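# Structure at a glance
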Amino acid sequence: MSKKVRVRFAPSPTGGLHLGGVRTVLYNYLFAKKHGGDFILRIEDTDQSRYVPGAEEYIFDCLRWCGLEPDESVQHGGAFGPYRQSERKPIYREYAEKLIAQGDAYYAFDTPAELESMRENYKTEQNPSPQYDHTLRLKMRNSLTLSPEEVTALLTSGTPHVIRIQMPGTGSISFTDMIRGEVSFDMATVDDKVLLKADGMPTYHLAVVVDDHLMQISHAFRGEEWLPSAPVHIRLWEKLFGREAMPAWAHLPLILGPNGKLSKRDGAKYGFPVFAMNWTDPKTGETVEGFRERGFLPEAFINLLSMLGWNDGTEKEIFSLDELVQAFSMERVHSAGAKFDYEKAKWYNQEWLRGKPVQEIILALRSQFESLNSLNSLNSLRLERIVELVRDRCHLLTDFKEQMSYFMEYPKTVDVAAIQPKWNVEKTAFFQALMDRYGAMESWSAASLEESFKTLATEQSIKPGELMLPLRIMLVGGKFGPGVFDIADILGKEETLHRIGVLIPQLANN
RNA sequence: GGCCCGUUCGUCUAAGGGCUAGGACACCACCCUUUCACGGUGGUGAUACGGGUUCGAAUCCCGUACGGGCUACCA
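I will try to describe carefully the structure that is included in this document. Bear in mind that the values here come from a model prediction, so they are computed numbers and not experimental data. (Residues numbered from 1 in each chain as written. Chains lettered and ligands numbered in written order. Predicted model: local features only at pLDDT ≥ 70, side-chain atom pairs only at ≥ 80, totals over all residues. Heavy atoms only, no water.)

## With respect to the sheet that holds strand β14 (residues 338–339)
Let me state the cut-off plainly: Criterion used throughout: strands pair if DSSP finds at least two bridges between them. Think of it this way: any DSSP run of H or I at least four residues long counts as a helix, any run of E at least two long counts as a strand, and we number them from the N terminus.
Spatially, β11-β10-β14 is the arrangement adopted by the three strands of the open sheet, whose pairing is mixed. In this open sheet, the two strands that pair with only one neighbour each are β11 (260–261) and β14. As paired strands, strand β10 (residues 255–257) and β14 are joined by two bridges and run parallel to one another. Looking at β14, one finds that leucine 256 is bridged to lysine 339.

## As for the protein's contact with RNA strand B
The following threshold applies: We call a residue near a molecule or strand whenever a single non-hydrogen atom of that residue lies within 4 Å of it. Identification of polar contacts relies on pairs of N or O atoms within 3.5 Å, with a donor-acceptor requirement for protein atoms, meaning one able to donate a hydrogen and the other able to accept it, and with residues adjacent in sequence counted only if both atoms are side-chain atoms. Three classes are used: nonpolar for Ala, Val, Leu, Ile, Met, Phe, Trp, Tyr, Cys and Pro, charged for Asp, Glu, Lys and Arg, and polar for all others, with Gly counted as polar.
Around RNA strand B, the surrounding shell holds 61 residues, and the nearest of these are Thr46, Gln126, Lys197, Arg393 and Gly481. The sugar and phosphate moieties of RNA strand B supply 69% of its atoms located within 4 Å of the protein. Within the side chain of arginine 332, an N or O atom sits 3.4 Å from a phosphate oxygen of RNA strand B. The set of elements that each furnish at least two residues to the surface near RNA strand B consists of α4 (112–121), β4 (162–165), β6 (181–186), β11, β14, α12 (342–354) and α18 (464–476). If you tally residues by element for the surface near RNA strand B, the top one is α12, at five residues. Residue classes in the surface near RNA strand B are distributed as 21 nonpolar, 16 polar and 24 charged.

## Side note on the sheet that holds β4
Which entries qualify depends on this criterion: Between N-to-C directions, angles cover 0 to 180 degrees, with each direction set by a line fitted to C-alpha atoms, over the stretch in contact for helices.
Pairing is antiparallel in the open sheet, where three strands are placed in the order β3-β4-β7. Each edge of the open sheet is held by one strand with a lone partner, namely β3 (105–108) and β7 (194–196). If you compare each strand with its neighbour and ignore which way they point, the axes differ by 45 degrees on average. In this sheet, β4 lies alongside β3 in antiparallel orientation, the contact comprising four bridges. Within β4, the residue paired with tyrosine 106 across the bridge is arginine 164.

## So, the side chain of threonine 203
Rules: Burial here depends on accessible area, computed with a 1.4 Å probe over protein chains only, as a share of the maximum for the residue type. Under 20% is buried, over 50% is exposed, and the range in between is partly exposed. Throughout, a contact is declared for two residues whenever any of their heavy atoms are within 4.5 Å.
Considering the arrangement of structural elements, one finds threonine 203 in the loop between β7 and α6 (204–214). According to the relative accessible area criterion, threonine 203 is buried, its value standing at 13%. If we ignore the near neighbours within four places in the chain, the residues touching threonine 203 are Val194, Leu195 and Lys197.

## Remarks on unusual backbone geometry
Note that the residue after glycine 81, namely proline 82, is joined by a cis bond; omega there is -5 degrees. Locating proline 82 in the fold gives a position in the loop between α2 (55–66) and α3 (89–102). Unusually for a residue other than glycine, glutamine 216 sits at a positive phi of about 55 degrees. If you trace the backbone, glutamine 216 turns up in the loop between α6 and β8 (219–223). Non-glycine residue serine 461 carries a positive phi angle of around 55 degrees. Here serine 461 is to be found in the loop between α17 (446–459) and α18.

## Overview of the pairing of strand β9 (residues 248–252)
What counts here: With the strands aimed away from the viewer, a crossover counts as right-handed if its path from the first strand over the helix to the second runs clockwise.
Counting buried positions along β9 gives four out of five residues, so the element sits mostly inside the fold. In this structure, β8 lies alongside β9, joined through five bridges in parallel fashion. Bridging across to β9, histidine 219 finds its partner in alanine 248. For the handedness criterion, the β-α-β arrangement of β8, helix α7 (residues 230–240) and β9 is classed as right-handed.

## A short note on the nonpolar core
When a protein is soluble and globular, its nonpolar side chains tend to lie buried together. Rules: By nonpolar core we mean a set of buried residues, namely Ala, Val, Leu, Ile, Met, Phe, Trp, Tyr and Cys, connected to one another through side-chain atoms within 4.5 Å.
With 60 residues, the main nonpolar core has Phe301, Met330 and Phe340 as its most contacted residues. The leading source of residues in this core is helix α1 (residues 19–34), at nine residues. Not counting residues up to four positions away in its chain, the partners in contact with phenylalanine 301 are Leu19, Val22, Trp65, Cys66, Ala276 and Phe291. With 54 residues, the next largest nonpolar core counts Trp423, Leu434, Ile473 and Val476 among its residues.

## Notes on the pairing of β4
For a regular strand, side chains alternate in direction, first toward one face of the sheet and then toward the other. On β4, burial covers both faces: Val162 and Arg164 on one face and Ile163 and Ile165 on the other are all buried. Here two bridges tie β4 to β7, and the two strands are oriented antiparallel to one another. Looking across to β7, one finds that arginine 164 is bridged to valine 194.

## Let's talk about the side chain of aspartate 191
Position of aspartate 191 among the secondary structure elements: in the loop between β6 and β7. Here the side chain of aspartate 191 touches lysine 193 through a polar contact of 2.8 Å, side chain to side chain. When neighbours within four sequence positions are excluded, aspartate 191 is seen to be in contact with Gln131, Tyr132, Asp133, Ile165 and Met167.

Okay, structure coming up:
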């Protein structure tokens, strides 16, 4: 029988969680759940120099928001911990030493300066970036070129060193990618990657192989940017645990920005979020906006991400997470990268907003806008009517703020210029009379307000069309929003009369 | 430069050798609407190029071009 499906994602706590990262998590998650397996989250904190405090918690917060909680992780426990790479340090050295004993790796004592001068010295026009590979390793200071005595002496004296894989200078290596099929590499073109760093921490290359083995990972899905280093990982599997035990690989297509691989800079540059949630770098204080704060619903965020490189073969585009789990298959994941389209992203959110009960929208709005929480229960009822009225005009949760603002307080700006040129004494008279009529009304409803308005207009021989816009400007402040009489209805008698009354003298005097 | 991956409307994509290359976003027009949206109807718009294989190619093969990724003691 096939072993249980176990997939893992290994974020590095060095910053925010971007679109591509969340999508990788999502596809891992979907595949695992579809096959009744586990989704493991391992923290890739090997590079201490870039480790940012708070980033680890941030990653979990993002996943929680998206509804993609791992089954095993630093925070959730599990049988294969620890899940933080820094806490697994001794394990990696053991396997690195094993490779050396087998003759598949070696110690290298080259200093950063020596490496730099190597790259400088061997740089040519044909080869601008020489690699530490089979053509150059015998010219460097390592356990291949030094005598055993020298090596022992350097080691015992505590000389800083790394362990490098020794890639063969001939032959090729190939594997089957679930998305791309057979991929093969000429081993002579692959360099001797560092496996264990001078500080004793593993590089990704060693860690991913050792951990995938120890954590019994059955499927390894990651971004396409890892494809070039796949031969190193395949080689490590061959030498350490055997190819039969190796997980199935899938290299996901990249999510592209307007210019190549999506970067966090693109967000600021083109005006859309690139991170799941706001991320503030504690070192620089710089904040990059997240989809959540921009007003996206998690369902929509997940949905739009899922469709960037995958579809179910039908014309269905709106999927809940549960539906995705059902419909997902790695066979239908694309091989080509997908350019992120913010306009379409907003459309997904609009669709999700449309299908949501008012109460849930209000709940989401309350969590986003503190000011809404101060409303009492009576206003809460009013809030429901308002949300129902403006929801069709909103793509994002944040759009509600603007759409609802004139219900909550007097309009911040009033576009008097839109009606001033056509204002006259007849209109002044009309609105004064309207205030009397409205003031005397017993039943305050949109229908009765409209009827009364039109009757008065007819009596005074003014076309209602001439008066609708002025009324709107008075109540809303601009040329937007739902029907004026609905607005007046919700505003209530007192506030409606106040807003009309305030503007009449202004218009009449100019 | 080298290695690897990729290429269908502007964007996301459907079509796994056989209808007029279908849908969605965006855009345009019209309808609805005495505002702005929503909605409805319709429209513009694509198989990168060149060779093969085949009765027949978007689809399979080769080449070219273009795009992207990698080329760190980062992931």
